2 protein chains.
Amino acid sequence: MSDQRVVRPTPISGFPEWTPQVRAVEQRWLDHIRAGFESFGFASVETPSVENLDVLMAKGETSQEVYTLNRLQADARDDSDAKLGLHFDLTVPFARYVAQHFNELTFPFKRYQMQRVWRGERPQEGRFREFTQCDIDVINVDSVPLHFDAELPRIVHRVLSGLDIPAWTLNVNNRKVLQGFYEGLGIKEPIAVIRAVDKLHKIGDGGVREILQDEGLSAEQVDPCLALARIKGTGSDVVERVRELGVASELLKEGLDELAFVMNDLADLPEGSVVADLSIARGLDYYTGTVYEASFDDDPDYGSICAGGRYENLAGQFIRKRLPGVGISIGLTRIFAKLVAEGKIETGRVCPTDVMVVVPGAERRAEALRTGELLRERGFNTEVFHSTAKVGKQIQYASKKGIPFVWFPPFEEGGEHEVKDMGKGEQGPADPAVWTPRGTVL
Amino acid sequence: MSDQRVVRPTPISGFPEWTPQVRAVEQRWLDHIRAGFESFGFASVETPSVENLDVLMAKGETSQEVYTLNRLQADARDDSDAKLGLHFDLTVPFARYVAQHFNELTFPFKRYQMQRVWRGERPQEGRFREFTQCDIDVINVDSVPLHFDAELPRIVHRVLSGLDIPAWTLNVNNRKVLQGFYEGLGIKEPIAVIRAVDKLHKIGDGGVREILQDEGLSAEQVDPCLALARIKGTGSDVVERVRELGVASELLKEGLDELAFVMNDLADLPEGSVVADLSIARGLDYYTGTVYEASFDDDPDYGSICAGGRYENLAGQFIRKRLPGVGISIGLTRIFAKLVAEGKIETGRVCPTDVMVVVPGAERRAEALRTGELLRERGFNTEVFHSTAKVGKQIQYASKKGIPFVWFPPFEEGGEHEVKDMGKGEQGPADPAVWTPRGTVL
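Residues numbered from 1 in each chain as written. Chains lettered and ligands numbered in written order. Predicted model: local features only at pLDDT ≥ 70, side-chain atom pairs only at ≥ 80, totals over all residues. Heavy atoms only, no water.

- As recorded in an unreviewed UniProt entry, chain A goes by Histidine--tRNA ligase and comes from Nocardiopsis metallicus.
- UniProt lists a comment for chain A under the heading Subunit (unreviewed entry), and it reads "Homodimer."
- Looking at chain A in UniProt, the text filed under Catalytic activity (unreviewed entry) is "tRNA(His) + L-histidine + ATP = L-histidyl-tRNA(His) + AMP + diphosphate + H(+)". (UniProt positions renumbered as here; feature names shortened; annotations may be inferred.)

Put into structure tokens, the structure is as follows:
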């Protein structure tokens, strides 16, 4: 052993990493989500991990979360990467992408994007510095049909229902309902109210009431605001209950019609999975219509596992066209990491191998390799054992790795192939050109 | 249209990005490569994009290619990411991973890793600042069977053969052959010779001869070095031709035996795809046995599209154990970007949709949505049209997006479903619960 200094590697806080068994499950999740998105005809897009800082900051944000790139020993004559930063979400890169490739795209443009993003925030439960988001958006020139406001919750439902995760609820609201309702009450700064009500789950009725009073609202205004926020339901009854509060405005009517359309479209989904919740606002200013937010039923404080909404003009910073859209983002790492931490990810085998081929000896090596190729051609993930160790040792290796079948090529010229089902302990003759395992995990 | 300033987005040099049609092909490639790796029983690993700088620099390199991370507005009390850099390959992170998770892994550990890496080098043809590598390595405690030296070219052959790319050759050599041969000639600094010979394809016989003479080699030493470098063949004849040069050493014999074993194991592959080439050395110092390098036959100067080899001790910087390995890396982006630039990527549809369901009118909307769900359950990627526009307009949309089938749910209660094959222009009755397209792209 050399005496060189050893750099003991330690995990970096906020940058999750999985063992191969856990990683295999994550990959299955990613495949499932991708298939779900594609089953609705959305196309895949990936963008570089990096954007120019003026693109990242185009919304006028001064985010201290953005990681900028620097070179360890920068070449003074080359400042071409002096202004690059890692993207902190997939919405800004998508807006930039649509503006840049506008003439190459077919509208309405339905895209999904599953990539890592980076945020230099303090790591804490459910918050990472590097994590994978799964975004799905529709963007169009001038207007986006309401159809998509209802389609996105349907897609999320399809995707999340297929994952083995704790019970969740996707809450839907409409910013026009909130804004129109507050306007109908004569409130001049509806955005301030929206921000306050958005904190309802955290600070309760009393907390929200206090903020609203500080904003100068009268009791006659605060009470209906809180009454609205308490309305929650699965169907068009919700719309009825809002109307019963006796507030009226053009915008409120428009918002209620939209909310009713969305909820009506989703009437076939299992009751309780998608719920109209009039307290949901989403902090971000740019949502203008439908908003979405999902969380775990048993752990709502863990944060949203899925969020999004409708925006009037996504790419206005990058192109002189009106490009409204509606989108939703699934926080894959946030969901997955929680289950990993709680030991709820059911991990399987340490490798994807279906069959391990025994190598009976150096002179039978070519036959074993040929058998491996045959089985691979037939779709089985196949390892040919890596030495001519004693057969017992070879079987032991397969057992340790949880490989379900061990294959014995003929031990002598002209002999018979045999296969052993490691789960059942049964062994018998088999032909690699036609073999199909019966009643097994394959 | 607002008057706000528009940030015109421009591509960032060295950070490739594809249109959805091209991206769809890239995703197919990634799936194919992944399936190829798994068909040999390799397990997936992903590591964070980021490593501590002392891990990235553990080999004592002072690479000016490393991107370090900084925050735009760093929190002075929190320097937890002060020493982070983006990984520049997947080998260093893999070595760190194995050391860190040593007790959780099953050895020999066979893993593949397909991720983006970053290098702050000057962008040029075939060289990017962000690109995807597809790595496959076997690592074991104390020794790695030679079996894997032969298995890796087999895997690469399987993977590359399944991609529609120009002709390529995977060249194989063994560093022990080179080092043993030079030692047998009485050369004291074999590494310097290895480095010189590695440049043969670039600087020719004359150039190499000049360097070797500068290194103090006599003509009697230079001639056999060049003679060795000219040996190239597909089988064990290569070994014979080296022996005919009349140089002998223990290490040379060992290297030739290993090379013969590898080439013999690969005898069933199509001739010319994997070739023993005694001029291949690979610049990196840490290879100690088998080395690999693949390039395009018609454009060898484009650079290697695939490279790797055997190393005696990969993770020695991170753990006090001897962990030799053998690995190979496919330069996915380098290969793919070349074909994109040359217009050789055959792109298909702009979306993954198989079937588009027409919405005959607002009152038939629920029926259309139900039909969409039925078709999705049966595995078809299905869009339900996003408005109640005239049917002709809906069909036009499907045609523009290249969607192969348009589905007509009954236009009135109790009516019949029909489907139109957009390619053939044929239309007829169909039942969404049992429909299977015949003779089509699906």
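### Let's talk about helix 1 (residues 20-38) of chain B
One turn of an α-helix holds 3.6 residues; hence residues three or four places apart share an orientation.
Stage number 1. With 19 residues, helix 1 of chain B extends 27 Å from end C-alpha to end C-alpha; this agrees with the ideal 27 Å at 1.5 Å per step.
Stage number 2. When you tally the buried positions in helix 1 of chain B, you get 14 out of 19 residues, the bulk of the element. (Helix = DSSP H or I, 4+ residues; strand = E, 2+ residues; numbered from the N terminus. Expected span 1.5 Å × (residues − 1). Buried < 20%, exposed > 50% of the residue type's maximum accessible area, 1.4 Å probe, protein only.)

### Quick look at the sheet that holds strand 5 (residues 109-118) of chain A
All names here are of chain A.
Stage number 1. Spatial ordering of the open sheet is given by 1-5-6-12-11-10-7-9-8, a layout of nine strands whose pairing is mixed. Edge strands, defined here as strands with exactly one partner in the open sheet, are strand 1 (43-44) and strand 8 (232-233).
Stage number 2. Inspection of the sheet shows strand 5 paired to strand 6 (residues 130-139) by ten bridges, in the antiparallel sense. Along strand 6, the bridge assignment pairs Val 117 with Phe 131. (Pairing = 2+ DSSP bridges.)

### A short note on the pairing of strand 10 (residues 287-296) of chain A
Residue and element names in this part refer to chain A.
Stage number 1. Counting buried positions along strand 10 gives nine out of ten residues, so the element sits mostly inside the fold.
Stage number 2. In this structure, strand 7 (residues 168-174) lies alongside strand 10, joined through seven bridges in antiparallel fashion. Each residue of the ladder has a partner; that of Thr 169, found in strand 10, is Ser 295.
Stage number 3. Two strands pair when backbone bridges link them, and strand 10 and strand 11 (residues 306-311) are joined in this way by five bridges, in the antiparallel orientation. What sits directly across from Tyr 287, in strand 11, is Tyr 311.

### Re the sheet that holds strand 15 (residues 405-408) of chain A
Residue and element names in this part refer to chain A.
Stage number 1. The strand order 14-13-15-16-17 describes an open sheet built from five strands, whose pairing is mixed. Two strands bound the open sheet, and with one partner strand each, they are strand 14 (382-384) and strand 17 (426-429). Strand-to-strand, the axes of this sheet are offset by a mean angle of 20°, without reference to chain direction.
Stage number 2. Across four bridges, strand 16 (residues 418-421) lies against strand 17 in antiparallel orientation. Note on strand 17: the bridge partner recorded for Val 419 is Gly 428.
Stage number 3. Each of strand 13 (355-357), strand 14 and strand 15 touches helix 12 (residues 365-377); the most contacted strand, strand 14, lies at about 175° to it. (Axes fitted to C-alpha atoms, helices over the stretch in contact; angles between N-to-C directions. Contact = heavy atoms within 4.5 Å.)

### Remarks on the domain arrangement of chain A
Stage number 1. Partitioning chain A into domains gives domain 1 (20-69 + 80-341) and domain 2 (355-429).
Stage number 2. Inter-centroid distance (C-alpha atoms) of domain 1 of chain A to domain 2 of chain A is 52 Å. (Domains from an automatic or database assignment.)

### As for the interface of chain A and chain B
Stage number 1. Contacts between the two partners involve 114 residues from chain A, matched on the other side by 114 residues from chain B.
Stage number 2. Both sides of the chain A and chain B interface together cover about 9,800 Å² of buried area, and 51% of this is carbon and sulfur.
Stage number 3. When residues in the side of chain A that touches chain B are grouped by element, the largest group, six residues, is from helix 1 (residues 20-38) of chain A.
Stage number 4. Looking at chain direction, strand 3 (residues 67-71) of chain A and strand 3 (residues 67-71) of chain B are connected through five bridges and run antiparallel. From the neighbouring strand, Leu69(A) faces strand 3 of chain B, where its bridge partner is Leu69(B). (Buried area = accessible area lost by both parts, 1.4 Å probe.)

### Looking at the packing of aromatic side chains
Given two aromatic rings, one states the distance between the centres and the angle between the planes to describe the pair.
Stage number 1. Taken as a whole, this structure holds 31 aromatic pairs over all chains when the rule is applied.
Stage number 2. Note on Phe296(A) and Tyr302(A): the rings are 6.4 Å apart at their centroids and 35° apart in plane angle, and the pair reads as tilted.
Stage number 3. The exposure class assigned to Phe296(A) is buried, which follows from its relative accessible area of 2%.
Stage number 4. Given the relative accessible area of 6%, Tyr302(A) is considered buried.
Stage number 5. Through a chain of ring-to-ring contacts, three or more aromatic side chains come together here, namely Phe94(A), Phe102(A), Phe107(A) and Phe109(A).
Stage number 6. Positioned over the ring face of Phe94(B) is Arg111(B), at 3.8 Å from the centre of the ring. (Phe/Tyr/Trp six-rings, centres within 6.5 Å; stacked < 30°, edge-to-face > 60°. Lys NZ or Arg CZ within 6 Å of the ring centre and 35° of its normal.)

### Some words on the packing of helix 4 (residues 147-161) of chain A against helix 12 (residues 365-377) of chain B
Stage number 1. The contact between helix 4 of chain A and helix 12 of chain B brings their axes to 13 Å, and the two run at 30°. By the criterion of interaxial angle, the relationship of helix 4 of chain A to helix 12 of chain B is roughly parallel. The element helix 4 of chain A and its partner helix 12 of chain B pack so that their crossing is right-handed. Residues His147(A), Arg154(A) and Arg158(A) of helix 4 of chain A form the contact with helix 12 of chain B, whose participating residues are Arg365(B), Leu369(B), Glu373(B), Arg376(B) and Glu377(B).
Stage number 2. Residue composition of the contact of helix 4 of chain A with helix 12 of chain B, grouped by class: one nonpolar, one polar and six charged. (Parallel < 35°, antiparallel > 145°, perpendicular 65-115°, else oblique. Left-handed = near helix turned anticlockwise from the far one by under 90°. Nonpolar A, V, L, I, M, F, W, Y, C, P; charged D, E, K, R; others polar.)

### As for the relation of the copies chain A and chain B
Stage number 1. Least-squares fitting of chain A to chain B yields an RMSD of 0.0 Å, with the superposition described by an axial translation of 0.0 Å and a rotation of 180°. Taken together, the turn and the small shift mark the pair as related by a two-fold rotation axis. Of the C-alpha atoms belonging to chain A, the one lying closest to the rotation axis is found on Leu69(A), 2.6 Å away.
Stage number 2. A share of 100% of the interface residues of chain A reappears at the interface of chain B, consistent with the copies meeting face to face through the same patch. (Least-squares fit on C-alpha atoms with pLDDT ≥ 70 in both.)

### Considering the pairing of strand 6 of chain A
Successive residues of a regular strand alternate their side chains across the two faces of the sheet.
Residue and element names in this part refer to chain A.
Stage number 1. The buried fraction of strand 6 amounts to ten of the ten residues, a majority that puts the element mostly inside the structure.
Stage number 2. Neither face of strand 6 is left uncovered, since the one carrying Glu 130, Thr 132, Cys 134, Ile 136 and Val 138 and the one carrying Phe 131, Gln 133, Asp 135, Asp 137 and Ile 139 both have all their residues buried.
Stage number 3. As judged from the six bridges shared by strand 6 and strand 12 (residues 325-330), these two strands associate in the antiparallel manner. Its bridge partner lying in strand 12, Asp 137 is registered against Gly 327.

### Overview of the pattern of salt bridges
Stage number 1. Under the counting rule described, the total for this entry stands at 73 salt bridges over all chains.
Stage number 2. Of the charged contacts, one joins Arg23(A) and Glu26(A) as a salt bridge, the two residues approaching to 3.0 Å between their closest N and O atoms. With Arg23(A) and Glu26(A) both in helix 1 and three residues apart, this pair spans about one turn of that helix.
Stage number 3. Taking the relative accessible area as the measure of exposure, Arg23(A) reaches 2% and is therefore buried.
Stage number 4. Take Glu26(A): its relative accessible area is 8%, and that puts it in the buried class.
Stage number 5. For Glu342(B), the salt bridge is made with Lys338(B), and the minimal N-O distance between the two is 3.2 Å.
Stage number 6. For Glu342(B), a relative accessible area of 38% corresponds to the partly exposed category.
Stage number 7. Relative accessible area serves as the criterion here: at 7%, Lys338(B) is assigned to the buried category. (Salt bridge = Lys/Arg side-chain N within 4 Å of Asp/Glu carboxyl O.)

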